[in-house]
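Each chain, written out:
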Amino acid sequence: MISFANAKINLGLHITRKREDGYHELETIFYPFPLYDILELSRKEEGDTTMEITGMDLELADDNLCFKAYRLLAAKYSLSPVHIHLHKQIPFGAGLGGGSSDAAFVLKMLNEEFALGLSVEQLEAEAATLGADCPFFVQNTPMYATGIGTDLRPIDLDLSDYYMVLVKPDVHVSTAEAYRQVRPQAAEHDLRELVSLPVQDWKFYIKNNFEEGLFEQYPQIREVKLALYEAGALYASMSGSGSAVYGIFDEEVDLSELSSMGEVSHPLKL
Ligand SMILES: C[C@](O)(CO)[C@H](O)COP(=O)(O)OP(=O)(O)OC[C@H]1O[C@@H](n2ccc(N)nc2=O)[C@H](O)[C@@H]1O
Ligand SMILES: Nc1ncnc2c1ncn2[C@@H]1O[C@H](COP(=O)(O)OP(=O)(O)OP(=O)(O)O)[C@@H](O)[C@H]1O
């Protein structure tokens, strides 16, 4: 069985409160993004569950989220061992949720392969135990997220008329580190109202609260955002806890001249 596990971007990210357990409450909109990891899952007759990684240079470790997803369901259901081949193409440490997507897709593949009959709600609940970004990838449609990012409500938002360019500076930001430096603040407006404004107005209102602190620490991320605006972006923002920055354009632009600032994607239609 083969699946294509896509990335996500965050349209706005308000960190509103730090909880007693250290996690943060937030408000964001998750939007599926067309960069893909390829996952192949095959049953094994015997032995242990195994994994191999090709593509990007991600070290194979026991705590890979694909293994964690398998172990989570294997502890509750009778699963035979499997082999998982992950072809890694989504940059990690980028705020694109690649690891979370892999985990959610492995849950969905196991559900299908072993006919477990888990509902969307059950899959989302299992996914939430693997990471705050994971449940979004179960339904994988635009979602307004609150709580720690796991309370999801579908949102009617269609950006398919636009082109998106992604730039990933050569900076790896750990999510935990990004949360340690952020200052929670009450949100002034509901993000659902803000995204209903014309995209060219978003830059005045839609913020990612991680940017302030991380731009201080890594000025090259701010440079990328400014360069995207100079190149004509209607809106540009860091995704999640960074370091990837996306720009939304109303035409197909060639931004290869930005390649000295990081890895630049082709213009992608959402
Ligand atoms: C930044 C975002 O990508 C925005 O969508 C997510 O909030 C991060 O989600 P994630 O990578 O799935 O995060 P997890 O794997 O659950 O947690 C990693 C670390 O981030 C911090 N964390 C994460 C989510 C959250 N709402 N509050 C937090 O404080 C915690 O220190 C945690 O130890
Ligand atoms: N399948 C996987 N793919 C990528 N990273 C993984 C995976 N499994 C475990 N990891 C670990 O998780 C870390 C973060 O990966 P991930 O791609 O989820 O982060 P990210 O791009 O910062 O996304 P976000 O913070 O938005 O969830 C990696 O540095 C790696 O150590």
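What you see is a predicted model, and the numbers here were worked out from it, not measured in a lab. (Residues numbered from 1 in each chain as written. Chains lettered and ligands numbered in written order. Predicted model: local features only at pLDDT ≥ 70, side-chain atom pairs only at ≥ 80, totals over all residues. Heavy atoms only, no water.)

Colleague: Any chance you could break down the UniProt feature "binding site: ATP" (unreviewed entry) in the protein for me, citing the residues and the numbers?
Modeller: As recorded in UniProt, the sites labelled "binding site: ATP" (unreviewed entry) are Pro91, Phe92, Gly93, Ala94, Gly95, Leu96, Gly97, Gly98, Gly99, Ser100 and Ser101. Those annotated residues that line the largest pocket are Pro91, Phe92, Gly93, Ala94, Gly95, Leu96, Gly97, Gly98, Gly99 and Ser100. When you line up the elements, Pro91 lands in the loop between β4 (82–88) and α2 (98–113). The class of Pro91 is buried, set by a relative accessible area of 11%. Among residues more than four places away in sequence, those in contact with Pro91 are Leu35, Met56, Leu96 and Lys168. Within the secondary structure layout, Gly93 lies in the loop between β4 and α2. Using a relative accessible area of 19% as the deciding quantity, one classes Gly93 as buried. In contact with Gly93, other than residues within four places in its own chain, are Lys168, Val171, His172, Val173, Gly242 and Ser243. (UniProt positions renumbered as here; feature names shortened; annotations may be inferred. 1 Å grid on protein atoms, 1.4 Å probe; cavity = no way out; pocket = protein on both sides within 12 Å on 5 of 7 lines; lining within 4 Å. Helix = DSSP H or I, 4+ residues; strand = E, 2+ residues; numbered from the N terminus. Buried < 20%, exposed > 50% of the residue type's maximum accessible area, 1.4 Å probe, protein only. Contact = heavy atoms within 4.5 Å.)

Colleague: I'd love a proper account of the UniProt feature "active site" (unreviewed entry) in the protein, names of residues and values included.
Modeller: Here, the residues flagged by UniProt with the feature "active site" (unreviewed entry) are Lys8 and Asp133. Across 126 residues in sequence, these annotated residues keep their C-alpha atoms within 9.2 Å of one another, forming a single compact spot. Set against the largest pocket, the annotated residues that line it come down to Lys8 and Asp133. Along the chain, Lys8 turns up in strand β1 (residues 2–18). A residue is classified by how much of its surface remains accessible, and Lys8, at 2% relative accessible area, is buried.

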